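Now for the letters of each chain:
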Amino acid sequence: MLALEPIGYIRTGKHLKFAALHQPEEAAPESHVLEMQPGRGYQDGLRDLDGFSRIWLIWWFHKNTSWRPMVLPPRGPAVRRGVFATRSPHRPNPLGITPVQLRRIDGLLLHLGPCDLIDGTPIFDIKPYIPAYDSFPSEPAGWIDSLDAALAAPPPFVVSLSPLAQAQADWLQSHWEIDFQPRLAQLLGRDPSPHRTRRIKRAADGLLSIGCGAWRAHFAVLGSAVQVLFLEPGFPLRFLHRPGREAVPDLAAQLAFLERWPAAAPLPPSSPQMVEENPREAT
Ligand SMILES: C[S@@+](CC[C@H](N)C(=O)[O-])C[C@H]1O[C@@H](n2cnc3c(N)ncnc32)[C@H](O)[C@@H]1O
């Protein structure tokens, strides 16, 4: 039996896994704060760290309860990989590692750059990032190398929003500060075909939809054009109204959305040929 105690918790403002990046993006305009636990002597433990511009965070995928020996990575073609050849959160010991920019230390608060952790993630350890020890950029990286080469090409699909979807996205942003449009465009621009990890599925009416955290976006594909037709809450009204649903993410926004658009779903597109399988994989 091993007992580990978090040294702190990160505050990122990202409450849903969907909102977190797969790995930190250097250019993302983000700043986050790691709050170290008080009363443990960590202030001394942080001495001399301010000379490092980057640190490793070692952390717990605390929202995951299961693991699988083979996983379906979210990027690229739908090919299962051995979990130890991936950075999947679904691991026997769900430990994550992330190198983040260290911008400032303010007592027990560490001000950090972009990261891929959701709000409240427990942090087990910090280590300085040391380029001479930690960086081997010319080493082969297996299946990731071919994937990255393919993803370096421009996204093969052009994503647009219908007037209704645009109005809904604008309303979510202006009334609730909920904005999943950039991530939606990124995912659908790469590959809008059905995929379990990307939470893309085909409905009985032939339309496709993608889970975006607490929301779903319904879309159609025509050649290399993806049109998002409408958005809707991820949960039906009868579910949201049941007692004990307070922890549902974006609950108040979902209820307000359903008042504003009680029947968000427009009629399915009249021409069935509007919707077709993705003719090519993202790679
Ligand atoms: C692909 S993993 C990579 C994590 C780490 N950089 C690594 O390589 O070990 C990043 C994803 O984990 C998910 N995630 C972030 N924080 C989490 C948490 N506390 N519990 C479960 N999943 C989390 C988010 O969906 C995020 O996009």
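Scroll up a little and you will see the structure.
This report concerns the structure included in the present document.

Criteria and cut-off values
Residues numbered from 1 in each chain as written. Predicted model: local features only at pLDDT ≥ 70, side-chain atom pairs only at ≥ 80, totals over all residues. Heavy atoms only, no water. Pairing = 2+ DSSP bridges. Helix = DSSP H or I, 4+ residues; strand = E, 2+ residues; numbered from the N terminus. Expected span 1.5 Å × (residues − 1). Contact = heavy atoms within 4.5 Å. Phe/Tyr/Trp six-rings, centres within 6.5 Å; stacked < 30°, edge-to-face > 60°. Lys NZ or Arg CZ within 6 Å of the ring centre and 35° of its normal. Axes fitted to C-alpha atoms, helices over the stretch in contact; angles between N-to-C directions. Salt bridge = Lys/Arg side-chain N within 4 Å of Asp/Glu carboxyl O.

### A closer look at the pairing of strand β13 (residues 225-233)
Line of reasoning, step 1. Alignment of strand β9 (residues 158-161) against β13, held across four bridges, turns out to be parallel. Bridge assignment links Val158 to a residue of β13, and that residue is Ala225.
Line of reasoning, step 2. Strand direction decides the pairing type here: strand β12 (residues 215-222) and β13, joined by eight bridges, are antiparallel. When the bridges of β13 are listed, Phe219 appears paired with Val228.
Line of reasoning, step 3. Remark: two residues form the turn of the hairpin made by β12 and β13, two consecutive strands paired antiparallel; Gly223 in that turn has positive phi of roughly 60°.

### As for helix α4 (residues 163-176)
Line of reasoning, step 1. Helix length check: α4, at 14 residues, gives a terminal C-alpha distance of 19 Å against a target of 20 Å (1.5 Å per residue), a fit within 8%.
Line of reasoning, step 2. Its buried side turned inward, α4 meets β9, α5 (181-190), β12, β13 and α7 (251-260).
Line of reasoning, step 3. Of the residues trailing α4, Glu177 is marked for its positive phi of about 55°.

### Remarks on the packing of aromatic side chains
Line of reasoning, step 1. Enumeration over the complete set of coordinates arrives at eight aromatic pairs.
Line of reasoning, step 2. Ring centres of Trp56 and Tyr129 lie 5.8 Å apart, and the angle between their planes is 50°; this geometry places the pair in the tilted category. Placement of Trp56 in strand β3 (residues 54-60) and of Tyr129 in the loop between β8 (122-128) and α2 (131-134) is noted, with a sequence separation of 73 residues between them.
Line of reasoning, step 3. Positioned above the aromatic ring of Trp261 is the side chain of Arg260, whose terminal nitrogen or guanidinium carbon lies 4.4 Å from the ring centre.

### Re the sheet that holds strand β7 (residues 109-112)
Line of reasoning, step 1. Strands sit in the order β1-β2-β7-β6-β3-β8 around a closed barrel of six strands; the barrel is antiparallel. Across the sheet, the axes of successive neighbouring strands diverge by a mean angle of 45°, strand direction being ignored.
Line of reasoning, step 2. In this structure, β3 lies alongside β8, joined through five bridges in antiparallel fashion. Within β8, the position partnered with Trp56 by the bridge is Lys127.

### Comments concerning the pattern of salt bridges
Line of reasoning, step 1. As enumerated under the stated definition, the model contains ten salt bridges in all.
Line of reasoning, step 2. Note that Arg40 is salt-bridged to Glu5, the shortest N-O span being 2.4 Å. Residue Arg40 is found in the loop between β2 (32-36) and α1 (42-45), and its partner Glu5 is found in the segment before β1 (8-11); the two are separated by 35 residues along the sequence.

### Considerations on the sheet that holds strand β11 (residues 208-212)
In a beta sheet, neighbouring strands are held together by backbone hydrogen bonds and run either parallel or antiparallel to one another.
Line of reasoning, step 1. The five strands are arranged β9-β13-β12-β11-β10 in an open sheet whose pairing can be described as mixed. Two strands bound the open sheet, and with one partner strand each, they are β9 and β10 (200-202). Each neighbouring strand pair of the sheet contributes to a mean axis angle of 30°, computed without reference to strand direction.
Line of reasoning, step 2. By the bridge criterion, three bridges tie β10 to β11 in an arrangement that is antiparallel. Following the sheet pairing, Arg202 is matched in β11 by Leu208.
Line of reasoning, step 3. Sitting on the sheet, α7 is in contact with β12 and β13, with an inclination near 105° to β13.

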